[in-house]
Each structure stands twice: as C-alpha cells, then as structure tokens.
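# Summary of structural features
These are the residues of each chain, in order.
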Amino acid sequence: MSLPPLVEPAESLSVDEIRRYSRHLIIPDVGVAGQKRLKNAKVLCVGAGGLGSPALMYLAAAGVGTLGIVEFDTVDESNLQRQIIHGQSDIGRPKAESAAASIREINPYVNVVIHNTAIDRDNVFDIFGQYDLIVDGTDNFATRYLVNDAAVLLGKPYVWGSIYRFDGQASVFWAEHGPCYRCLYPEPPPPGMVPSCAEGGVLGVLCASIGAIQVTEAIKLLTGVGEPLVGSLMVYDALEMTYRKIKVRKDPACALCGENPTVTQLLEDYEDFCGAVSVEAQEAVVDSTITARELKEWQDAEKDFLLVDVREPAEFEIVRIPGSVLIPKGEILSGEALATLPQDKQIVLHCKSGVRSAEALAALKAAGFKDAVHVQGGVLAWVKTIDPSLPSY
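Just so you know, these numbers come straight off a predicted model, no measurement behind them.

Let's shift gears to the nonpolar core. Nonpolar side chains in soluble globular proteins tend to be buried together. Of all hydrophobic cores here, the largest spans 45 residues; its most connected members are Leu56, Leu67, Ile69 and Ile103. Sorting elements by how many residues they give to this core places helix H10 (residues 204-223) first, with nine residues. Among the nonpolar cores identified, the runner-up in size contains 25 residues, and Ala142, Ala150, Trp160 and Tyr270 belong to it.

Right, here's the structure in full:
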C-alpha cells in the first residue's frame, strides 16, 4: 500500500546539492521535492556491520541529511569480507568512527551522529527519539526484539533485514500500518537452533543485496513514493537467484501491537527472553566447566579424555584446538553420535564460544555421560590465552 511521505521537505537545495543529486532530480517520482525530504530526514542505522555498511553508504550517497550510527564494536579483520564501509587501516578502530569517516568521504553534506555504545533498554528510547526512521542491521535476536519493541512503543517505522549464508530477508515493520516483527516471529527460536553468521557464515555480497533493499525501502518511506514492504516479507535466495514476496498480516493476538497487548513496555532482559542458552544447558555447565588453560594443563599432563569439537566442518577447517575430533552439535542433539562416544574416558566438549558446547553437554548428561565437561569460551578463549598464533574467526 502507498503511504504518505514520512518527513516534510527542507526549504531548499544548494547549487552544489542540485549538481550532486541531479540523477535523482530528473526522476519524476522523486524530483526536487523528494530530494528535499531526503535532506530533511533523520535516519538511524543500528549496527555498522554487514547490513549497516551498504545501508549507510547508500543512505549517505542518496542525500539523507542526518545519519545516526549506533555501534559499540571495533573493526576486526574478519569483518572486511563483507563490511565494506571499513578498510584495512580501520582494524582495531571503533566501527562507528570508521563508518562516519567513510560517510563524510562519500557525502560531506551529511550530518553524521555517532552513538558509540551498545543499544539497550536504558538508552533506546532516547536514541530512537532523535530520528524519523530506523534501519535495523543487527545480527542477534535479543537486539532485534529490543529494536522492534522500542519502535512500536514510539510509533516509529523501521526497515528490517536478515542474512545467513546464501539467504536473506527484508521487510518494513510499522505497527500503525501493518505488522511488527513479533507478528512474524512471536517467539525467538530455541537457543542454538539458528546459527549466527559467525557460526554458519555468510556470503559477503549478500549484505549488499539485502542492504540495498533496506535503503530502497527507506527512501520510499521518506519520500512517499511506491509501495513499501509494509505487510510483506521479501525472501532472497542467492544460489537460485530468486526473490519471493510473502504476505505478512498483522496478528490481532500479537503481544505487542495486537488488540489486547500484554507487552506495554520494554522487557527487563532481552537476553533472558531470547535465552542465550537453554535452562538445561545452564544447569549442565554447573561444576562441569573448565577453562582453556585447564584444558592445556590436562593435555600437558596427558590426562585420558576425548576432546570433541561440536562446531561445523567449515569452522573446523579454519582453526582447531590440537587433539580435537569433530562431531557437530546436531549429531549429538539428534542422538546420532552417542553410540560412537567412548564410555571409558571423560569427554570434553568445545565450540567457538561456549554456547553450542553447553547445549551439547546438556544432551550428553541426559544420555548418561555424567562426567562430561565443556570448555568455557571455546576456541576463542584458546586462541586468546593459549595460542594467539592461531587464526580467530
């Protein structure tokens, strides 16, 4: 459905701005009025990573007058495969500052506002309240639900995107005119069910495909042209090169935007709501957790145990702890691998950071492997404390 422009036009465009945006100005549906609206717009991008990189760059190039960046992370070398707003010389630099520098280079007429912080329930209203539109470039469920809930409670639209391996999704959530994120996903998936990009990987250029859709939707909302993806979910399969547009209806029973909402304020703890690890995993790791340094001491003492890496084969090829064998978490949770595990020696599990190994540990303990343990921090802790020469991904 068509919607009215989100913002009023600015008073004027300078001669230099007219020259810069000439290709927009000659599009009848955009024209001078549309470009003035972009100039007057204030857009916040949550995240300056895979999706935030192309989104920020094209929002800046399009002439959005004020761009906010909320991001607390620093640039890592593994980011550069897809986070194109950053470069080699930015490694170790705060992402918000690196992104701001790139934006100013693209378009000096853009006012860049840096929020060098993690977004949370204490600051989200204050930050969101400064902007007309939110572009969500987050990569975890806790922040996605926080962004959605804050946007709905403030009555603001936001453009959402998600990427994983070769697949991407995008939509516009605006409770006043259609569904919100909770209408599509009322509950987060069980912990460990959906791997993150850090665990499962992502084709770098997929970020550009979905980020471009997000910017297109943002421009449509700001200028009032076309029909935005309100009430629609765009699904992209890069391997098949197909797009599917799925109708998403507002859920009258939605806990947040439905007829009788039960969520009327921000949750106390979104990490807890999304369950960083399951209750079973939390219980399993009690008194069954060792550190990377303890693991090294066990190896040096030639203690008899089986070290099991529960990551995926591609991760195992990138970096592995010496002496480990690969049994992916899914094979343990399904029970497929249980018969192959020894009963006469202790089993030590590890993954990348400790989440997947905690879930696998719970399954082993339920199957009778009572003395099994897992390594806190996983491969990341091993690389940091034992062998920094190994690659960190």
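As a further point, take the packing of helix H3 (residues 31-40) against H10. Each pair of packed helices can be summarised by the angle the axes make with each other and by the distance between the axes. Two numbers describe how H3 lies on H10: the axes approach to 9 Å, and their chain directions differ by 105°. By the angle between their directions, the pair H3 and H10 is classed as roughly perpendicular. Contacts between H3 and H10 involve Gly34, Arg37 and Leu38 on the former and, on the latter, Ile219, Leu222 and Thr223. Split by residue class, the contact of H3 with H10 holds three nonpolar, two polar and one charged.

Now for the pairing of strand S4 (residues 133-136). Neither face of S4 is left uncovered, since the one carrying Leu133 and Val135 and the one carrying Ile134 and Asp136 both have all their residues buried. Pairing geometry for strand S1 (residues 42-46) and S4, over four bridges, is parallel. The residue of S4 that forms the bridge with Val43 is Leu133. Bridge count between S4 and strand S5 (residues 158-164): three bridges; the pairing is parallel.

Glancing now at a nonpolar patch on the surface. On the surface, a cluster of nonpolar side chains totalling about 360 Å² of accessible area is made up of Phe166, Leu203, Val205 and Leu239. Overall, the relative accessible area of 56% leaves Val205 in the exposed class.

For the rest of this paragraph, the subject is the sheet that holds strand S12 (residues 346-350). The strand order S9-S13-S12-S10-S11 describes an open sheet built from five strands, whose pairing is parallel. The outermost strands of the open sheet, each flanked by one partner alone, are strand S9 (289-290) and strand S11 (325-326). Here two bridges tie S9 to strand S13 (residues 373-375), and the two strands are oriented parallel to one another. Bridge pairing in S13 links Ile290 to Val375.

The rules behind the values
- Residues numbered from 1 in each chain as written.
- Predicted model: local features only at pLDDT ≥ 70, side-chain atom pairs only at ≥ 80, totals over all residues.
- Heavy atoms only, no water.
- Core = buried A, V, L, I, M, F, W, Y, C linked by side-chain atoms within 4.5 Å.
- Buried < 20%, exposed > 50% of the residue type's maximum accessible area, 1.4 Å probe, protein only.
- Helix = DSSP H or I, 4+ residues; strand = E, 2+ residues; numbered from the N terminus.
- Axes fitted to C-alpha atoms, helices over the stretch in contact; angles between N-to-C directions.
- Parallel < 35°, antiparallel > 145°, perpendicular 65-115°, else oblique.
- Contact = heavy atoms within 4.5 Å.
- Nonpolar A, V, L, I, M, F, W, Y, C, P; charged D, E, K, R; others polar.
- Pairing = 2+ DSSP bridges.
- Patch = residues over 30% accessible without salt bridge, like charges linked within 9 Å, V, L, I, M, F, W, Y side chains within 5 Å.
- Areas by Shrake-Rupley, 256 points an atom, 1.4 Å probe, with all protein chains shown as cover.
- Salt bridge = Lys/Arg side-chain N within 4 Å of Asp/Glu carboxyl O.

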